[in-house]
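This is what each chain is made of:
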Amino acid sequence: MCYVYVIYSRELDVYYKGFTMNLDRRLERHLNGESEYTSRASDWVSVYSKMYETKKEALIEEKRLKKLNRASLERLFQG
């Protein structure tokens with residue numbers, strides 16, 4: 001299984017969108033500062049995740065999410 005996820009940092013007031021095969025481990029790496037971009041903050045929280053059967057499907061969705069503006073992303077989380 002593959003996952004697309006969005007995490008949020010209140011400190012940076014930014015959303016980070018990503019793809020992974022192991023959601024728990026990936027979130028742990030973000031929180032431990034093991035990812036270059038997200039190492040700038042330590043308060044990341046998961047706000048969205050969705051599982052896909054194939055890597056191709058997940059990568060297509062990740063690309064779509066990365067194109068969304070902030071308001072569109074936040075509507076997705078509410079909905």
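A. Representation of the side chain of serine 9. Tracing the sequence through the fold places serine 9 in strand 1 (residues 2-9). Only 3.4 Å separates the side chain of serine 9 from the backbone nitrogen of glutamate 11, close enough to count as a polar contact. A polar atom in the side chain of serine 9 sits 3.1 Å from the backbone nitrogen of leucine 12. Ignoring any residue separated from it by four or fewer positions in sequence, one finds serine 9 in contact with Val14, Ala41, Asp43 and Trp44.

B. Quick look at the nonpolar core. Counting ten residues, the largest nonpolar core is built from Cys2, Val4, Val6, Tyr8, Tyr15, Tyr48, Tyr52, Ala58, Leu65 and Leu73. When contributions to this core are tallied by element, the ones reaching two or more residues are strand 1, strand 3 (44-52) and helix 2 (55-67). No other element matches the four residues that strand 1 contributes to this core. In this structure, Tyr5, Val14, Leu27 and Trp44 belong to the second largest nonpolar core, which totals seven residues.

C. Structural context of helix 1 (residues 23-31). Within the span of helix 1, buried status applies to Leu23, Arg26, Leu27 and His30. Viewed end-on, helix 1 has its buried residues packed into an arc of 95°, placing them on one side of the element. Just downstream of helix 1, glycine 33 is the residue with a positive phi angle, here 75°.

How each quantity is defined
- Residues numbered from 1 in each chain as written.
- Predicted model: local features only at pLDDT ≥ 70, side-chain atom pairs only at ≥ 80, totals over all residues.
- Heavy atoms only, no water.
- Helix = DSSP H or I, 4+ residues; strand = E, 2+ residues; numbered from the N terminus.
- Polar contact = N/O pair within 3.5 Å; in protein donor to acceptor, adjacent residues only side chain to side chain.
- Contact = heavy atoms within 4.5 Å.
- Core = buried A, V, L, I, M, F, W, Y, C linked by side-chain atoms within 4.5 Å.
- Buried < 20%, exposed > 50% of the residue type's maximum accessible area, 1.4 Å probe, protein only.
- Arc of directions from axis to C-beta.

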